[in-house]
Structures are given as C-alpha cells and as structure tokens.
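Secondary and tertiary structure notes
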Amino acid sequence: MKKKQNTEKFEFQRILAPLLSWYRANKRRLPWRENPTPYRVWVSEIMLQQTRVEAVKEYYRRFLEALPNVEALAECEEEKLLKLWEGLGYYSRVRNMQKAAKLLVTTYGGEFPRDPRELRSLPGIGSYTAGAIASIAFGLPVAAVDGNVFRVASRLEENGSVISDPAYRRYLEESLSAAYPESGKDCADFTQSLFELGALICKPNPDCGACPLTGLCRAYQSGTQRAFPVLPEKKAKRVEDVFVFLLQTPSGFCIRRRESGVLKGMNEFPSHVSFGESPESVLAAWGITEFEEVRRKEYTHIFTHIRWNITCIWVRTDSAPFDTYGLDELAESVSLPTAFKQCLGILDRTDCAR
Ligand code: SF4
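Residue positions are counted from 1 within each chain, in the order its sequence is given. Since the coordinates come from a predicted model, pLDDT governs what is reported: local features require at least 70, and pairs of side-chain atoms require 80 or more to be given and counted, while whole-chain, interface and lining totals use all residues. Side-chain numbers come from the whole structure's heavy atoms, not from hydrogens or water.

1. Side note on the overall build of the chain
To keep things clear, this is the line we draw: Under the DSSP-based scheme used, a helix requires at least four consecutive residues in state H or I and a strand at least two consecutive residues in state E, with every element numbered from the N terminus. Working definition: with a 1.4 Å probe on protein chains only, accessible area under 20% of the residue-type maximum means buried, over 50% means exposed, and in between means partly exposed. A contact between two residues is defined here by any heavy atoms of the two lying within 4.5 Å. A 1.4 Å probe and the Shrake-Rupley method give the accessible areas. Residues count as covered only by the protein chains that appear here. Only four residue types enter the charge count, namely Lys and Arg as positive and Asp and Glu as negative; His and the chain termini do not. Every charge is mapped onto a representative atom, which is NZ of Lys, CZ of Arg, CG of Asp or CD of Glu.
Scanning the chain for helices and strands turns up 16 helices and seven strands. Per-residue burial for the chain yields a buried fraction of 50% across its 354 residues. When contacts within the chain are restricted to residue pairs at least 6 apart in sequence, those whose partners lie at least 24 apart make up 71%. Of the roughly 17500 Å² that the chain leaves accessible, carbon and sulfur atoms contribute 50%. Where the 48 positive side-chain charges of the chain centre and where its 45 negative ones centre are 6 Å apart.

2. Observations regarding the site of the ligand
Basically, it comes down to this: Residues are labelled near a given molecule or strand when at least one of their non-hydrogen atoms is within 4 Å of it. Residues are grouped as follows: Ala, Val, Leu, Ile, Met, Phe, Trp, Tyr, Cys and Pro are nonpolar; Asp, Glu, Lys and Arg are charged; every other residue, Gly included, is polar.
Around the ligand, a shell composed of R155, I201, C202, C208, C211, T214, C217, Y220 and Q225 is seen. The class makeup of the residues in the shell around the ligand is six nonpolar, two polar and one charged.

3. Quick notes on the domain arrangement of the chain
What counts, and what does not: These domain limits were set by an automatic method or by a database of domain assignments. Throughout this description, the term salt bridge denotes a Lys or Arg side-chain nitrogen within 4 Å of a carboxyl oxygen of Asp or Glu. Here a polar contact is recorded for every N or O atom pair within 3.5 Å, except that within protein the pair must consist of a potential hydrogen donor and a potential acceptor, and residues adjacent in sequence are included only if both atoms are side-chain atoms.
For the chain, the domain assignment lists domain 1 (12–227) and domain 2 (238–352). Computed over C-alpha atoms, the centres of domain 1 and domain 2 are 37 Å apart. Counting residues at the interface gives nine residues for domain 1, matched by 17 residues for domain 2. At the junction of domain 1 and domain 2, the tally comes to three salt bridges. For E79, the salt bridge goes to R257, with nearest N and O atoms at 2.9 Å. In this assembly, domain 1 and domain 2 are joined by 10 residue pairs in polar contact (both at pLDDT 80 or more). Here the side of domain 1 that touches domain 2 gets four residues from one element, more than from any other, and that element is helix α5 (residues 78–85).

4. With respect to the environment of D189
Secondary-structure assignment places D189 in helix α11 (residues 185–200). Taking the relative accessible area as the measure of exposure, D189 reaches 3% and is therefore buried. Not counting the four nearest positions on each side in its chain, D189 is found in contact with L20, Y23 and R24. Reaching out from D189, the side chain makes a polar contact with the side chain of R24 at a distance of 2.9 Å.

Written out as structure tokens, the structure reads:
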C-alpha cells in the first residue's frame, strides 16, 4: 500500500528544545548512561542492536567487569569472549568488536578517534554506532539513526520512504545532524532523547498523549501514526531440517566448531542439515555405528534469514571423533549458541551419570 508522503521540508531543529526538556525530566537510569566513555558507549550500542534494554543490563555489567577497556578486549581469549557474549546471539558483533579493539590499540594507542569517518572505518562500526559514539561520548553534532529514530522522524514529517533505502538514511542523518547544537552535553542528550522517545512513547503503538511533540508531529495531526515508518517487505525465511546430536561418550559430551553456514566458527553439538537422510546414516558417516538412543526432542530456532526445525537426539556411544566435555565444564567454560543450548533441556543428571 502506498503510504501518505508529506513533501514539505520538516524543520527538525524545532523539536530540539521540547525534546531535551522532556528527556531530562523522564530519562531512565541506564548503566551505560553513567560515565559515557567511548568504550562504554560502544559496548552498549553493539549489545543493544537486536537485544532488549532489560536483557542487556546484566550482560553489560559482566562484560565491563571482565573487559574494562579496549586493551583488555583486544587481548581476550576467544573462548572467554564468546562465553561473555553467550545468549546475545549474532556473534559476528563481538568478533568484530575484538578486531576493532586490536586496531584501536595498534593504530590509535588504545583511544577512539573523534572523527566519525575514522570511527566508521573500524570493523563492525557503521554510521549508527559512529554517530552514537561521536555524539554521546564526544559531544559532537552527529545523528545516530536506529529503528527508534526512524520511527519518530518518519512520523514527525510523514515521510513515506522505506527505511531500508540508503538514500533515506543519508537524508535523515544529514537533516537531524543539522538540527544538533554545536557541541557538548546537548548533543549527547539530543541523540539519547530521540532513542528514549522511540523506546518509551513513540512506540509501534504510540502513546501520543504523553508525547512532547504533538504540536509539531504531522502524523499525529493527521491521524496517520500507524502508517509510519514504512518497512521493507519481509522475505520468506529459508527452512532447514537439522539433526543435532547430543553424543555422550564415557568421557563426556561431544563438541566441535562449525566450519560453515550460519554460526560458522561457533561451538556446536555435532549437527547436520538433513536432505532426507536418516540420523543413523549421519552417525555412520562419523564412524558411529554402535549406539543407544536415549531420547529426542524437536524444537524450532529462528535466525534472521533461516528457520531451523531441529531434531535433537541424545545418543550414547563408546567413542566419537570429537572433543568431549563434562556437563559442568560445558556450563562454565564452553560458549554455546542458543540454538544448541536448548538441547540441554532433554538431559537429566540422573540419566547422564549412567
Ligand atoms: S505525537 Fe505520537 S506519532 Fe508523533 S512523535 Fe509523538 S508519539 Fe510519535
């Protein structure tokens, strides 16, 4: 459906004063808002991509306690790093963070550059994260456009552009950046006030009665709030049938690294995308012909572009060609993506001991 488009230029500068004063009276106390150094802002922004604020708080606390600065992140062992990230998903985020940390140490003496273009040259830092670091940590007039900001801004000016259109992102980054104060704390607060309004008031189902911008908002005035933002059409997810084997040997449960596909480089219980093969034939390909099946369960795991229909099968065997770990070791020091961690639900300690 074609959405209403208001082509008259919107003056974002007019939202600055009412939004700042609303933000200062209503902002939430969040751990990353205290002492917003570039490192702390960066870690929080990367964690908050794809994850809810409440869920991020504990991860953020643990991560900063273990890795309080760029140098510690650059030097962290991979398994420890992945364990700190376990449950947040999208592991390429933390791998890129470590690559960026190494570059910051070797090229910038462990300091973050202030120039947004230099920030964007670091692995995993796009225009959104660069804008957040530049404005919140350095007090520079650089907008950070995320989903919340797209929602607020597209409603304010009734902009019917699709938010995945790079030209719309560029337009909004430029228009908002031009509305920023010259520098300082107001820049940091303006960025966060847009995030906060989108998170608390201008939600998908907006609470316009509590909004400080009703007098300026075109969508509110014409009752078209729910027509914005305009999202790209969703593509159907690819569906894969996957066997995940909880292979128990006398020395523990088998773990290996994924060599390809989604979650490449992560630990897994040995798995196999099935094209009609039987579990027995998959086990036979690994040299496992003598085994006892204890139990199985089925569940679904959704990735961004793929849906896995998983059959998890708990199998006992005398030996298998993989590394093995005891259950306590698995819980404490082996990072496992959620897609595989769910398999542990079919175990019980009494049966495991046998
Ligand atoms: S008036 Fe409503 S639609 Fe407009 S910015 Fe405020 S909450 Fe969003």
